Amino acid sequence: MSNFSFLHTEQWKHIYKDAVEAEKLALTSPKAATVLSRSAMEMGVNWLFVNDYDLDYPYDRNLSSLIHHREFRDIIKPSMFTELNLIRKQGNNAAHGKSITQEQSISTLKFLFRFLSFIGLYYNEEKITLPAFDLSKVPDGTAEKEAAVTLEKLQKHLDEKLSREKDQQLQIELSAKTIIELKNQLLLAQQKATKTRVEREQDSTTQDIPLLISEEKTRVLFIDVLLREAGWDNLQEGRELEYQVTGMPQSTNPTGIGYVDYVLWGDNGLPLAVVEAKKTLKEARAGKHQATLYADCIEKKFQRRPLIYYSNGFETYIWDDQFYPERKVQGFHTKDELELMIKRRRDRLDLRNFTVNTKITDRGYQMEAIQRLAENYTTVKNGMLRGTNRDALLVMATGSGKTRTAASVVDMMTKCNWAKRILFLADRNALVTQAKKAFGEYLPDLTSIDLTKEKEDNNTRLVFSTYPTMMNKIDGVKNADERFYGIGHFDLIIVDEAHRSIYQKYKSIFDYFDALLLGLTATPKNDIDHNTYGLFGIEDDDPTFAYELDQAVKDGWLVPPKSISVPIKFQEEGIKYSELSEREKQEYEEMIGDPTTGDAPEEIGGSSINQWLFNADTVDNVLEHLLAEGIKVEGGDKLGKTIIFARNHLHALFIEQQFNQNYPEYGGSFLRVIDNYESKAQDLLDRFTDVLSEQEPQIAVSVDMMDTGIDAPRVVNLVFFKPIRSSAKFWQMIGRGTRLFPDLFGPGED
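Keep in mind the model is a prediction, meaning the values are calculated, not measured.

Looking only at helices and strands, the protein chain has 24 helices and 23 strands in total. Classification of the 750 residues of the protein chain by burial places 53% in the buried group. Intrachain contacts of the protein chain at a sequence separation of at least 6 include 69% that bridge at least 24 residues.

Take a look at the structure:
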């Protein structure tokens, strides 16, 4: 008989299987049991998102995102969130090969029992009564040594199983959106499950789910897990734990003796940090003063002031009171990271005195941007260098040199000993590739990798990644050969094209890493939304530095865009029968009219005209207008580089088809579709954006891939063949064609 027998039903049998297996192995194979507990918990979380009407999946469906989701936290019992996070973290540690004791395995199993009890009590169709957790139902035995390969095979099996279940759910959701009967069935099932939960919440006779592990023990477990994630294993009583200090104020400790909850030591025997653990019911910062007193005692004894942490298990703060104010962090730093933070007290230089390398940036506004950043990050107080703001936002028009400026900032940060490792984030692979190539030219001495294609080693200074790739690196179970990124791994994070969707989808990345933050955007400062400013801790409409299109045009660095309307009104305005010519009315009746009655609607709204994007006459008209009216190069004999922004992949292919059909003399290579469906898209993109020579394709039909961020200074024509409803995105797209390019139209004609 199992503690989880209440799950042995058709709807929860997949959860039941892993929960029972975890129970069987909890004492005999703690690592495997902990991995299985995490798997069962993840399936339970996903079951809730599928079946509770009040829960909608967030953009990112990894386990950490799901349990941190506000609606999810509103539904579960408050104490359960920490327990679920512990299951997740312990499961990650187990799969990563770290030791798991029997006590930790049993604690994880008890947390799992509480969570699954919540599902059983609140969602089962029939009201049930659960017996108390019975430890005697956990098979006893001698712990066996687990080979890493066994755990890897187990985790691979669980990952594949979860992936299959997610794929099946996605198929169900896809079907539910396209087949009305399935959609209604799913909706009714969700509403029924939610109604059951609400009724049980309001029913005073619903069985309580008692705490199986005390709040104090849970807090200690959570802090211990966070320390282990940072490599602080094998903590010894009297050394790392409950370390005795003398010299405490008699007003707080009459004997002058105190005991520090945790002390973290360097390899040289000197203290790196103290950790004060407060009760969960108290705010973490309630331990700030006591931690400071401990740091005073340790500094007096060892002639080195340690860094200060205080935590209540749910919230953790770090305070280097010789340089920065306190700040909230997601865990603890590794030994090497703490050593580097201590070392920087001596080696860090004043950023404001840095001499910019003019081979990277030499324009006045770029120099000003770098100086503004230096002033943003540091100051001097009482003759001592101090850190100020840790976040900054640069607003610079497309083509004004954001990447160059960012490279100069990295040059400044590394040479002034503020940053050892830097993370550059972009939202598309093409932008990651482009940024890595540019930084390689500007900063050839700094080692770099593209995390979407390569594996990192300890010596890498610059890491370039997409947001989803980095999310996967900091969450989920890692294989033994994959690097785990701790909270202090990066000293500076550069966010390319910072905008609202980044805040909405990937804010957890910036919450996780304890790093300086630099956002780059071409969006005019008045169009940047409140959330983006909030992400960088900045007042609305007041970025750290702004150099916008109007000023860049005025200074002669960029050229102003000129709009030419193609005479096609239907896409925007729709069709009104009464406004058509006699010939158009006849065509309209033949195309739109009911063949049995001859009736046709009096008008069709603009939103229904998407099909006209695929109309041959519409596309032919746009292409003919482009070739006739578009800006030419080579003395007016050749159409200049052009980007056509298509609505979707099929639309892009249709445009390509019509061009090749109408203009076969161009040989099929003059216009090409460049999007993520093209396996050799990067090569086509490199040819299109080549600054040394003008290679085909001359016209790129893009679906999102070239909308923002791509540097193509030869581009002189933009065709907006889709509606753009985002002001921020529109100005970024405009920036594809506002750069100056030397001698593009002839000698001396930029």
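Taking 1.5 Å of rise per residue, 14 residues should cover 20 Å, and helix 12 (residues 364-377) covers 20 Å from first to last C-alpha, within 8% of that figure. Those residues of helix 12 that fall on the buried side of the exposure criterion are Tyr365, Gln366, Ala369, Ile370, Leu373, Ala374, Asn376 and Tyr377.

Confidence in the prediction for the protein chain averages 81 pLDDT; 78% of positions are at 70 or higher. For the stretch residues 568-574, pLDDT sits under 50, and the model shows 22 contacts to residues farther than four places along the chain or on other chains.

Attention shifts here to unusual backbone geometry. Cis rather than trans, the peptide bond between Glu696 and Pro697 has omega equal to 10°. By the secondary structure assignment, Pro697 is in the loop between helix 23 (681-689) and strand 22 (699-702). Phi is positive for Asn234, close to 55°, though the residue is something other than glycine. The topology assignment puts Asn234 in the loop between helix 9 (215-229) and strand 1 (241-246).

Take the packing of helix 21 (residues 616-629) against helix 22 (residues 649-662) next. Viewed as axis vectors pointing N to C, helix 21 and helix 22 meet at an angle of 65°, and their least axial separation amounts to 10 Å. Of the possible angle classes, the one that applies to helix 21 and helix 22 is roughly perpendicular. Crossing hand, helix 21 versus helix 22: right-handed. Across the interface between the two elements, Ala616, Val619, Asp620, Leu623 and Leu627 from helix 21 touch Phe654, Ile655, Gln658, Phe659 and Asn662 from helix 22. Taken together, the residues that form the contact of helix 21 with helix 22 break down as seven nonpolar, two polar and one charged.

With that out of the way, let us pick up the pairing of strand 4 (residues 307-311). Two faces, one strand: in a regular strand the side chains alternate between the faces of the sheet. Counting buried residues in strand 4 gives five out of five residues, a clear majority hidden from the surface. Along strand 4, one buried face is formed by Leu307, Tyr309 and Ser311 and the opposite face, lined by Ile308 and Tyr310, is buried too. Sheet topology places strand 3 (residues 271-277) next to strand 4; five bridges connect them, and they run parallel. Counterpart to Glu276 in the pairing with strand 4 is Tyr310. The loop that links strand 4 with its antiparallel partner strand 5 (residues 316-319) comprises four residues; one of these, Gly313, has a positive phi angle of about 95°.

A word on the sheet that holds strand 21 (residues 671-674). Read from one edge of the open sheet, four strands run 21-22-20-23, paired in parallel fashion. The open sheet has two edge strands, strand 21 and strand 23 (715-720), and neither has a second partner. On average, each strand axis in the sheet is tilted by 25° relative to the strand beside it, whichever way the strands run. Two strands pair when backbone bridges link them, and strand 20 (residues 641-645) and strand 23 are joined in this way by five bridges, in the parallel orientation. The partner of Ile644 across the bridge, within strand 23, is Val719. Helix-sheet contacts for helix 23 involve strand 20, strand 21, strand 22 and strand 23, and the interaxial angle to strand 21 is about 130°.

Turning our eyes to something else, we now look at the sheet that holds strand 4. The strand order across the open sheet formed by six strands is 1-2-3-4-5-6, and the pairing between neighbours is mixed. Because the sheet does not close on itself, it has two edges, and the strands there are strand 1 and strand 6 (327-329). The sheet shows a mean angle of 40° between the axes of neighbouring strands, taken without regard to direction. Here strand 1 runs beside strand 2 (residues 257-265); their pairing, made up of five bridges, is antiparallel. The partner of Tyr243 across the bridge, within strand 2, is Val260. Contacting strand 2, strand 3, strand 4 and strand 5, helix 9 runs over the sheet at an angle of about 35° to strand 2. Sitting on the sheet, helix 10 (residues 288-302) is in contact with strand 1, strand 2, strand 3, strand 4 and strand 5, with an inclination near 155° to strand 3.

Here we come to the packing of aromatic side chains. A full pass over the atoms with the stated rule returns 31 aromatic pairs. For the pair Phe49 and Tyr57, a centre-to-centre distance of 5.2 Å together with 20° between the ring planes defines the contact as stacked. Just as Phe49 is buried, Tyr57 falls in that class too. Relative to Phe302, the ring of Trp265 lies with its centre 5.3 Å away and its plane at 70°, an arrangement referred to as edge-to-face.

This brings us to the environment of Leu518. The topology assignment puts Leu518 in strand 14 (residues 516-521). Taking the C-alpha atoms as reference, Leu518 lies 4.9 Å from Ala392; in sequence the two are 126 residues apart. Dropping the residues within four chain positions of it, Leu518 is found in contact with Leu373, Tyr377, Ala392, Leu394, Val409, Leu492, Ile493, Ile494, Val495 and Phe536.

Before going further, it helps to spend a moment on the side chain of Ser65. Relative to the helices and strands, Ser65 is located in helix 3 (residues 63-68). Ser65 has contacts with Pro58, Asp60 and Met471, leaving out every residue within four places of it along the chain.

A complete count under the given rule lists 33 salt bridges for this structure. Measuring nitrogen to oxygen at the nearest pair gives 3.6 Å for the salt bridge that ties Arg372 to Glu375. Of this pair, Arg372 and Glu375 both sit in helix 12, three residues apart, which is roughly one turn of the helix. In this structure Glu375 comes out as partly exposed when scored by relative accessible area, which is 38%. Residues Glu656 and Arg672 are paired through a salt bridge, measuring 3.6 Å at the closest nitrogen-oxygen approach. Here Glu656, found in helix 22, pairs with Arg672, found in strand 21; they are 16 residues apart in sequence, far enough to count as distant. For Glu656, a relative accessible area of 15% puts it in the buried group. The exposure class of Arg672 is partly exposed, given its relative accessible area of 25%.

Secondary-structure assignment places Ser117 in helix 6 (residues 102-123). Take Ser117: its relative accessible area is 2%, and that puts it in the buried class. Other than its neighbours up to four places away in sequence, Ser117 contacts Phe6, Leu130 and Ile209.

This part covers the pairing of strand 22. Burial along strand 22 is two-sided: Ile699 and Val701 and Ala700 and Ser702, pointing in opposite directions, are all buried. Pairing of strand 20 with strand 22, which is carried by four bridges, proceeds in the parallel orientation. Its bridge partner lying in strand 22, Phe645 is registered against Ser702. Bridging between strand 21 and strand 22 involves four bridges; their strand directions are parallel. Note on strand 22: the bridge partner recorded for Arg672 is Ala700.

Tracing the chain through its elements places Met470 in helix 15 (residues 467-474). Judged by relative accessible area, Met470 falls into the buried class, the value being 0%. Sequence-wise, Met470 and Tyr506 are 36 residues apart; in three dimensions their C-alpha atoms are separated by 9.6 Å. Beyond its immediate sequence surroundings of up to four residues, Met470 is in contact with Leu423, Leu425, Leu451, Ser465, Tyr485, Phe490, Ile509 and Phe513.

Rules behind the numbers
Along each chain, residues carry numbers from 1 onward, in the same order as the chain's sequence is written. In keeping with the model being predicted, local features are shown solely for residues with a pLDDT of at least 70 and side-chain atom pairs are shown and tallied solely at 80 or more, while totals for entire chains, interfaces and linings include all residues. To obtain the side-chain values, all non-hydrogen atoms of the structure were used and water was disregarded. Runs of H or I in DSSP of at least four residues are treated as helices and runs of E of at least two as strands, each being numbered from the N terminus. Think of it in three bands: residues with accessible area under 20% of the maximum for their type are buried, residues over 50% are exposed, and the middle band is partly exposed, with areas taken using a 1.4 Å probe on protein chains only. Contact definition: two residues touch when any of their heavy atoms are within 4.5 Å. For a helix, the expected span equals 1.5 Å multiplied by the number of residues minus one. The predictor's confidence in any single residue is recorded as pLDDT, a number from 0 to 100. Axis definition: a line fitted to C-alpha atoms, over the contacting stretch in the case of helices. Angles run 0 to 180 degrees between N-to-C directions. Oblique is the label for any angle not covered by the other classes, which are roughly parallel (under 35 degrees), roughly antiparallel (over 145) and roughly perpendicular (65 to 115). Rotating anticlockwise by less than a right angle from the far helix to the near helix defines a left-handed crossing, while the corresponding clockwise rotation defines a right-handed one. Three categories are distinguished: nonpolar for Ala, Val, Leu, Ile, Met, Phe, Trp, Tyr, Cys and Pro, charged for Asp, Glu, Lys and Arg, and polar for the others, with Gly belonging to the last. Strands qualify as paired when DSSP identifies two bridges or more between them. The pairing test for Phe, Tyr and Trp rings, Trp by its six-membered ring, is centres within 6.5 Å, and the orientation test on the planes gives stacked under 30 degrees, edge-to-face over 60, and tilted for anything in between. Any Lys or Arg side-chain nitrogen located within 4 Å of an Asp or Glu carboxyl oxygen qualifies as a salt bridge.

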